[in-house]
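# Chains, contacts and geometry: an overview
Listed here are the chains, written in short residue letters.
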Amino acid sequence: MELDPDDVFRDEDEDPENEFFQEKEASKEFIVYLIDASPKMFSSTCPSEEKDKQESHFHIAVSCIAQSLKSHIINRSNDEIAICFFNTREKKNLQDLNGVYVFDVPERDCIDRPTARLIKEFDLIEESFDKDIGSQTGIVSDSRENSLYSALWVAQALLRKGSSKTADKRMFLFTNEDDPFGNMRISVKEDMTRTTLQRAKDAQDLGISIELLPLSQPDKQFNITLFYKDLIGLNSDELTEFMPSVGQKLEDMKDQLKKRVLAKRIAKRITFVICDGLSIELNGYALLRPAIPGSITWLDSTTNLPVKVERSYICTDTGAIMQDPIQRIQPYKNQNIMFTVEELSQVKRISTGHLRLLGFKPLSCLKDYHNLKPSTFLYPSDKEVIGSTRAFIALHRSMIQLERFAVAFYGGTTPPRLVALVAQDEIESDGGQVEPPGMNMIYLPYANDIRDIDELHSKPGVAAPRASEDQLKKASALMRRLELKDFSVCQFANPALQRHYAILQAIALDENEVSETRDETLPDEEGMNRPAVVKAIENFKQSIYGNDPDEESDSGAKEKSRKRKAGNADDGKYDYIELAKTGKLKDLTVVELKTYLIANNLPLGGKKEVLINRILTHIGK
Amino acid sequence: MHSVLPDVEKACSMLLQKKLIYNKYDEVGIVVFGTEETGNELAREIGGYENVTVLRNIRVVDEVVAEHVKQLPRGTVAGDFLDALIVGMDMLIKMYGNAQKGKKRLCLITNAACPTKDPFEGTKDDQVSTIAMKMAAEGIKMESIVMRSNLNGDAHERVIEENDHLLNLFSSNAIAKTVNVESPLSLLGSLKTRRVAPVTLFRGDLEINPTMKIKVWVYKKVAEERLPTLKMYSDKAPPTDKFAKHEVKIDYDYKVTAESTEVIAPEERIKGFRYGRQVIPISPDQIETLKFKTDKGMKLLGFTEASNILRHYYMKDVNIVVPDPSKEKSVLAVSAIAREMKQINMVAIVRCVWRNGQSNAVVGVLTPNVSERDDTPDSFYFNVLPFAEDVREFPFPSFNKLPSSWKPDEQQQAVADNLVKMLDLAPSAKEEVLKPDLTPNPVLQRFYEYLELKSKSTDAALPPMDETFKRLIEQDPELISNNKSIMDSFRGSFEVKENPKLKKASKRLLRDKPSGSDDEDNRMITYEPNEKKIDVVGDANPIQDFEAMISRRDKTDWSEKAITQMKNLIMKLVENCTDEGDKALECVLALRKGCVLEQEPKQFNEFLNHLFKLCQERKLCHLLEHFTSKKITLIPKSEAADSDVVDENAGDFTVKQEPMLES
């Protein structure tokens, strides 16, 4: 029995290197969401996406965080987060400061990894907010209360957890008050501004970054210059770009693709032998690997506790339990040839794990079918061998310049493989790196792995039909019409994986419905129905099929279908009902049983008993 | 041909060996030509066909033939491949008549450098066309492997030209192909040794839009050939039991906790997935009703510039999409699109579901495969592309931003340009070497060779790597010597040195051993210091733990600790000694290696003497025998300067102890 027989996401070919790519704990992020809960957040509204409905700023902030948490728990579930309201009536924080309320649920620290319960209760926060937390402006001139200051202090204290070397620490500040101390007397205002900015600076000095998510009124834009530009430390260049980017930021937080984020790590260290006496050091990275929904834990269905799987090898003759390593046999020439596990691994070990350069070829020699599995990205390192990077860059440039790739033998996989090293120039767009500079190691198939299918479809001496000039022209027009401009390879989300996450979320949070996931991989119907596109397709079709599209000339299939019919005629040979009654169906061969199944349009799969049972049920009806 | 016959023997015996395993009922005959003698039916019946000998008539493969083919006779006269082909064809026809269409295969291996005889009537061309047409009619496939590495000067250019022309004629009139190979390595790769019945992955529509559909079949173009799945073998049954099956069954037990003996039935389990800190159970019913559902089909999403799809985005092994051979219009449609794609450098993006109810859809790219042969329809290659979730966006520094001392200067760049240009594996399309299509898998080759040896003698040693495969694993010495000055100047321009700041344990890169040598000693030094820190030598993987611990450099006393713990473990193993002798022995070996590396000879030598005494006291003879047989010795001066054991005496302790054992 397989451990996981219907694991839907497992790659059909288990990657022998898989262990290299398994996750390691990602470097962590610590995040505090600071939400302004002043009455102004409730009274200001924005038109919502639904018509005629207004959403309060508070609602926008809270639902944005709720959405973001739902992605976060899947993408980076090791991160720790805290949610903290300020300008509240009640207070709850370790420092016991007024006007600051740290929201939390049981079985969880103030700052901790997100849990289903946190998300679930946070989803309902608006219903209970007034009762449990309450809104109240916390910046009061007379009492010198300053809830913004307190909020920053509480957040900073929360973020004291974890070392700043290994973790990123961030605050997200949601507010619609662009001038928090605007109503104060001038002296108080100056004082409060100074202390608050100092508090923010202290936090930043500790490696905490503060990100502002301001919410604007429909009639009056949030004025960043009044106070906050100093708090988050924007310089004048960034100032003009800041406000327009805010809307996008909020959207991004809400609409994050559910995608597990893995820490950058070296999958393998490789010694690249360029020639005798010259080896350089490379690091290999797995930049492209099929994403899977995470490992499956088997649970006891009654208690929901994890079960432990134990595997044992049992000798069928004696029932004795066998110990690893167990000998293997290959029947050959009427005898069983024995191999020890050690011998088998010796067979596979034919070289050192190094990558050895064999030579170079023009890129045209690398065919589209020369591929077996995802590539490995190579980047040089001078950590152990000084000079590696220089030699690598020189080769890299030459290969790009001369449009050549390197052929090398790589001993680090089982079996060792011939590989193509294709130099990739850096590609950047919008300041981001789309393709890093380096070489991609493409694993080439051996002759044993390549199948000659073309030959199977040739008819000797008979010329295969080829497209005419006109047909080519029509095809060209079609292709131009259906061109995907700016196509980027990974623009599609994996529909099954997104669906899986949606199911997981619905079950974990007891949601009534699974949120709809869009299948982006389906053709763009609207685009396909544009008249010009329809026309181009129609023209192409016309050029191939002529006026009579149904008239597909069959040149061989008929014979086959006749054969099948002939087979069907055979089913009269036996009186299946009679045989079934007398229990003699088992005397028929599988092929004979199948004739009956074919004739009655029943499934053909399964062992003989299954087939017999299927016939019996069918007759029984 | 004589010089390459050993490689021909290898290739053929591989073919036959695999038949013995995978296709036991295949039937094989062998014909050699260019032999002194003549021995074939046609010669007897109608005369002619001299110097063609039937080594074996067609019959089911057996051990003998695999053996036989390894001793091909060395002929003495020029061979006429046409005569040989006719003899072979005649054998096939006499044996099977018109039956077994498409399963009859003629494989010609020759250098095609000897002249063929003129036919009695008509031209050679006519004769070849007739033979080829006959082959096509009989459903005989033919493949010719033409091996020409370094033809001697006496080979006539005109003859070669004529022969190539004749072989081409076969290709256009029969299901025949000619493969030209230039090295023994490609010769081994050129013969398809494993017969796999091609199975379609998908038959259905390639949908341009709902009104325009092209009928296509999809096959795997590339699929890894693996070692055969070896069964596990149990030797527990008593040798007297004649009916013992020697099979091993794998059992899975699902336990509530590691300690408990309570086992739950497989159907009482439920799958759980991690959600934050929790594991959320999802029942099969929930999965079934809620999961992503698919309908079989290939749908076109659009076309795009070929340059938008970088080569390294190909995710898996490759499929081929061929038009349904019975639908002429579909063949035309595929031809039109494929040829135009190639012309204007575009590719198609498609979404595919191969089977109904498949758990996921894939998005992939169709690239053109325009046929070079008139009789083969055009088709597409299909490669799977990654989804957004499959991409890991790790940033890497721009080369431009690296310090200039890390970048090559102009002179170095020129040297590199030269190397990339001159270390050329494909001076012309015809001369390309190391083509994947002609390069065999060395591991498979070695396994079958070993299997054959083992079938003759159970304790046969693993043969060394076949010389032929050197060309795959190492640079071609000829290419190197032709470009010696370039290689030298590259080496001279790019000096590398070990980073002196690193401790010795992590220095491993420059200790490059020649490839092909099984270098066990290297294993220890390749340990990655960054990995999980090991601080205890555990029972499960003591050797790895020990190696990991001893190479730790974060504190000085780790090696000391590792050695002590390893000693304790060995003592434990020896004391509880049951069958663990081997494990103890391995641990002793690891300890010895570690002590040499750490230059702690005393620690080991004292321990070994102590262990020895203990074994004698406890009468653990088998262990002692082991020690002797594995030649475990004390660490002598030559391996560690601090040792007080002289080299000659390193092995002494076993010798001098032995007599006491006997008593």
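Residues numbered from 1 in each chain as written. Chains lettered and ligands numbered in written order. Predicted model: local features only at pLDDT ≥ 70, side-chain atom pairs only at ≥ 80, totals over all residues.

Bringing the packing of helix 6 (residues 147-158) of chain A against helix 7 (residues 186-205) of chain A into the picture now. All names here are of chain A. Two elements in contact, helix 6 and helix 7, have axes separated by 9 Å at closest approach and are oriented at 15 degrees. Classified by the angle their axes make, helix 6 and helix 7 are roughly parallel. Of the two elements, helix 6 crosses helix 7, and the hand of that crossing is left-handed. Two secondary-structure elements touch here, helix 6 through Leu-148, Tyr-149, Leu-152, Trp-153 and Gln-156 and helix 7 through Thr-195, Thr-196, Arg-199, Ala-200 and Ala-203. (Axes fitted to C-alpha atoms, helices over the stretch in contact; angles between N-to-C directions. Helix = DSSP H or I, 4+ residues; strand = E, 2+ residues; numbered from the N terminus. Parallel < 35°, antiparallel > 145°, perpendicular 65-115°, else oblique. Left-handed = near helix turned anticlockwise from the far one by under 90°. Contact = placed C-beta atoms within 7 Å.)

Soluble globular proteins: nonpolar side chains tend toward being buried together. In terms of nonpolar packing, the biggest core is built from 255 residues, with Val-32, Tyr-33, Leu-34, Cys-84, Ala-155, Ala-408 and Leu-421 of chain A touching the most fellow members. No other element matches helix 3 (residues 57-75) of chain A, which puts nine residues into this core. (Core = buried A, V, L, I, M, F, W, Y, C linked by C-beta atoms within 7 Å. Buried ≥ 20, exposed ≤ 12 C-beta atoms within 10 Å, placed from the backbone.)

Right, let's get into the sheet that holds strand 9 (residues 208-214) of chain A. Residues and elements named next belong to chain A. An order of 5-4-1-8-9 is seen for the five strands of this open sheet, with the pairing classed as mixed. Every interior strand has two partners, whereas the edge strands, strand 5 (100-103) and strand 9, have only one. Each strand of the sheet is rotated relative to its neighbour by a mean of 20 degrees, with strand direction disregarded. As defined by bridge partners, strand 4 (residues 80-86) adjoins strand 5 across four bridges and the pair is classed as antiparallel. Following the sheet pairing, Phe-85 is matched in strand 5 by Tyr-101. (Pairing = 2+ DSSP bridges.)

Below, the discussion takes up the UniProt feature "domain: Ku" (unreviewed entry) in chain B. Under the UniProt annotation, "domain: Ku" (unreviewed entry) lies at residues 261-402 of chain B. For residues 261-402 of chain B, helix accounts for 17% and strand for 35%, while the C-alpha atoms at its two ends are 60 Å apart. (UniProt positions renumbered as here; feature names shortened; annotations may be inferred.)

On to the confidence of the model for chain B. Residues and elements named next belong to chain B. In this model, chain B carries a mean pLDDT of 81, and residues with pLDDT of at least 70 account for 88%. The spread of mean pLDDT over the elements of chain B runs between helix 15 (residues 521-525), the lowest at 33, and strand 17 (residues 379-384), the highest at 95. Contacts of residues 505-531 to residues separated by more than four positions or lying in other chains number 48 contacts, the stretch itself having pLDDT below 50. Throughout residues 655-663 the model reports pLDDT below 50, and contacts reaching past four residues in sequence, or to other chains, amount to five contacts. The ipTM, which scores confidence in the relative placement of chains, is 0.78 for this predicted complex, and the corresponding pTM is 0.76. (pLDDT = per-residue confidence, 0-100.)

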